[in-house]
Structures are given as structure tokens and as C-alpha cells.
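What follows is the residue order along each chain.
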Amino acid sequence: MSGQQHQDSTTDVVRWAAFCCVLVPVVLLWYGTSLAGATGTALGLAAVTAVCRVLLRRSERGAECSLAEEHASPAPRHGRRHRSGTGSHRGGRHSGGNTPGG
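Cut-offs and rules
- Residues numbered from 1 in each chain as written.
- Predicted model: local features only at pLDDT ≥ 70, side-chain atom pairs only at ≥ 80, totals over all residues.
- Heavy atoms only, no water.
- Helix = DSSP H or I, 4+ residues; strand = E, 2+ residues; numbered from the N terminus.
- Buried < 20%, exposed > 50% of the residue type's maximum accessible area, 1.4 Å probe, protein only.
- Areas by Shrake-Rupley, 256 points an atom, 1.4 Å probe, with all protein chains shown as cover.
- Salt bridge = Lys/Arg side-chain N within 4 Å of Asp/Glu carboxyl O.
- Phe/Tyr/Trp six-rings, centres within 6.5 Å; stacked < 30°, edge-to-face > 60°.
- Contact = heavy atoms within 4.5 Å.
- Disulfide = S-S within 2.5 Å.

> Which residues make up the overall build of the chain, and what values do they have?
In terms of regular secondary structure, the chain is built from two helices and zero strands. Per-residue burial for the chain yields a buried fraction of 8% across its 102 residues. In the structure as shown, the chain presents an accessible area of about 9100 Å², 60% of it carried by carbon and sulfur atoms.

Put into C-alpha cells, the structure is as follows:
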């Protein structure tokens, strides 16, 4: 996904969350919840939305930096070196020959 598409999807998520921050208290008031309860719910949802927005933006920046670093220089390969010959399959089944009792 390109950076612009990713940013648009994040913006869409934040817009839907903001819409829900307005819609949920209205529905709560409609069904008889107190004004204080609906206001508290609205504030709680707004706080959660704000934190999620900050985390999404930080994640986007981190992904952009990672991609930029990845394209700038290839990362060295870390891992096991391939060994061939005797001892390379330790702990596996032995084929033929030295089976005891047989």
C-alpha cells in the first residue's frame, strides 16, 4: 500500500471514530441516559480516539522511516550458516547400518 493510500485509510478511521464520539452520546440520550453519563461517555470516547490517532500517526512515521532505511542500504543477513557433511543433521533418524539389535 502506498503512503498516500495508507494516510487516507488512517484519516478515514479517525473520521469514523470522531463520528462515533458524537453518535454514541446522542443514542444514549435518546434511550434515557443522563446528560452527565452521556457527556462522560463522549469525553471517554474522544480521549480514546485521540490516543489512537496519535498511535496511528506514530506508526505511519515509523513505517515510512523503516521503508526509507530498507531502500537506502540492504540489511546484512543474520542467521545460521549452512553446514554440510557429517553432523549437519544432528538428532535425526539414521538411515541403515548401525542400528542395535538388528
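Back to the text.
> So, the side chain of T49: which residues are in play, and what are the values?
Tracing the backbone through its elements, the reader meets T49 in helix 2 (residues 35-72). The buried category is assigned to T49, whose relative accessible area is 17%.

> How would you explain the pattern of salt bridges if you had to name every residue and give the values?
Should their charged atoms come close, side chains of opposite charge can pair. Under the defined criterion, the tally for this structure stands at one salt bridge. Notably, a salt bridge pairs R57 with E60, separated by 3.6 Å at the nearest N-O pair. Placement of the pair is R57 and E60 together in helix 2, with a separation of three residues, close to one helical turn. The buried category is assigned to R57, whose relative accessible area is 19%.

> Could you give an account of the packing of aromatic side chains, naming the residues involved and the relevant values?
Summed over all chains, the structure comprises one aromatic pair. Ring centres 5.7 Å apart and planes at 85° place the aromatic pair W16 and F19 in the edge-to-face group. Here F19 and W16 lie together in helix 1 (residues 3-30), a separation of three residues that amounts to about one turn. Here F19 falls in the partly exposed class, since its relative accessible area comes to 44%.

> An account of the environment of V26 is needed here, citing residue identities and associated values.
Within the secondary structure, V26 is located in helix 1. In this structure the C-alpha to C-alpha distance between V26 and T39, which are 13 residues apart in sequence, comes to 9.6 Å.

> Account for the environment of C21, with residues named and values stated.
In this fold, C21 is placed in helix 1. When the C-alpha atoms of C21 and T41 are compared, they prove to be 8.3 Å apart, with 20 residues separating the residues in sequence. When neighbours within four sequence positions are excluded, C21 is seen to be in contact with A42, L45, A46 and T49.

> I'd like to hear about the state of the cysteines, residue by residue, with values.
Following the criterion strictly, the structure yields zero disulfides and no others. C20 takes part in no disulfide bond, and the closest cysteine sulfur, belonging to C21, lies 7.2 Å away. With no disulfide of its own, C52 has C21 as its nearest cysteine by sulfur position, at a separation of 9.8 Å. Since its relative accessible area comes to 40%, C52 is described here as partly exposed.

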